[in-house]
Amino acid sequence: MIKLVLLDVDGTITDRDRKISVRAIEAIRKVQDDGVKISLVSGNVIPVMYGLKIFLGLDAPVFAENGGVKYHESIESFFSMDKPSAVFERLLKEAVLEGILSNKWRETSYGYVPAKGEEEYISSIAGSAGLTTVDSGYSWHLLNKGQNKGFALEHLKQMYSLEYSEILVMGDSFNDVSMFRKEVVKAVPDNAERPLKEIADYISTSDNGDSVAEVLLNLSKL
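Here is a short report on the structure shown in this document. Keep in mind the model is a prediction, meaning the values are calculated, not measured.

So, helix H3 (residues 82-93)
An ideal rise of 1.5 Å per residue puts 16 Å on 12 residues; H3 measures up with 17 Å between its terminal C-alpha atoms. Turning to H3, its buried residues number three or more, namely Pro 84, Val 87, Phe 88 and Leu 91. Looking down the long axis of H3, one finds its buried residues gathered within 100° of arc, a one-sided arrangement. Every exposed residue of H3 that faces more than 90 degrees away from the buried side is listed here: Asp 82 and Lys 93. Directly after H3, the chain includes Ala 95, whose backbone phi takes a positive value near 60°.

Details of the pairing of strand S8 (residues 131-135)
As paired strands, S8 and strand S9 (residues 140-144) are joined by five bridges and run antiparallel to one another. Within S9, the position partnered with Val 134 by the bridge is His 141. What sits between S8 and S9 in their antiparallel hairpin is a turn of four residues, with Gly 137 showing a positive phi close to 95°.

Examining the packing of aromatic side chains
Inspection of the entire model under this criterion finds five aromatic pairs. Between Tyr 50 and Tyr 71, the ring centres sit 5.0 Å apart and the planes meet at 75°, which makes this aromatic pair edge-to-face. Taken together, the residues span a long stretch of sequence, with Tyr 50 in helix H2 (residues 46-56) and Tyr 71 in strand S4 (residues 69-72) at a distance of 21 residues. The class of Tyr 50 is partly exposed, set by a relative accessible area of 40%. For the pair Phe 78 and Phe 151, a centre-to-centre distance of 5.1 Å together with 65° between the ring planes defines the contact as edge-to-face. Taken as a pair, Phe 78 in the loop between strand S5 (74-77) and H3 and Phe 151 in helix H5 (residues 149-159) lie far apart in primary sequence, 73 residues in all. On the accessibility criterion, Phe 151 (27% relative accessible area) is partly exposed.

A few points about the sheet that holds strand S3 (residues 62-64)
Spatially, the three strands line up as an open sheet ordered S3-S4-S5, and their pairing is antiparallel. This sheet does not close on itself; its edge strands, each paired only once, are S3 and S5. Looking at each pair of strands side by side, their axes are set apart by 25° on average, direction ignored. In this sheet, S4 lies alongside S3 in antiparallel orientation, the contact comprising three bridges. Bridge pairing in S4 places Val 62 opposite Tyr 71. Against the sheet, H2 makes contact with S3, S4 and S5, and its axis sits at roughly 30° relative to S4, the strand it touches most.

Details of the sheet that holds S8
Pairing is antiparallel across the open sheet formed by four strands, whose spatial order is S6-S7-S9-S8. The sheet terminates laterally at strand S6 (97-99) and S8, the two strands that pair on one side only. Sheet twist, expressed as the mean angle between neighbouring strand axes with direction ignored, is 35°. Here strand S7 (residues 110-114) pairs with S9 via three bridges, running antiparallel. Opposite Gly 111, over in S9, you have His 141 as the bridge partner.

How each quantity is defined
- Residues numbered from 1 in each chain as written.
- Predicted model: local features only at pLDDT ≥ 70, side-chain atom pairs only at ≥ 80, totals over all residues.
- Heavy atoms only, no water.
- Helix = DSSP H or I, 4+ residues; strand = E, 2+ residues; numbered from the N terminus.
- Expected span 1.5 Å × (residues − 1).
- Buried < 20%, exposed > 50% of the residue type's maximum accessible area, 1.4 Å probe, protein only.
- Arc of directions from axis to C-beta.
- Pairing = 2+ DSSP bridges.
- Phe/Tyr/Trp six-rings, centres within 6.5 Å; stacked < 30°, edge-to-face > 60°.
- Axes fitted to C-alpha atoms, helices over the stretch in contact; angles between N-to-C directions.
- Contact = heavy atoms within 4.5 Å.

And the structure:
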């Protein structure tokens, strides 16, 4: 029986243009009313996640910056900005990337757009500093080692004393892979990247938010 659902935001509960699906909202509220915990975990920043938690009426914590920051009554950061800041400033001076607007609100990571052909170089420099990079499909992220959505999943699993079999995850992009590596129930929208589809337990016939509604309203069958 599924007791906790972790949902990605961009491209999963939203469409490609980041418009939230009304069907997804309705399904989230129905499932939560039935007693299932719903958490959102995103590469976006804490002000966005705070707003989503409040306006969707979620009871469970939400996570920003790919699991690096949690909001649940108060804000808690799990990683330092020191290494990401130093590496980001170096790469910015080398003109191999550009920062994104939401960096103004980031506490543990940086979002960036790589210059053409510089993806591997940026990842190499990050790796030599003990950092990682990941492409969310909307921007690239410069992260601390161990900072990923799988970290958020483990935090919630411990918080609610759950088994992996009682957790469902749903996402569409490469920064969701860390959740999918756990022995949980895995669902994807039809627009998901191939590596996620290859290990998913359930592939929706719908895209984006419509797929979330499809999955949540059929939890008992998963």
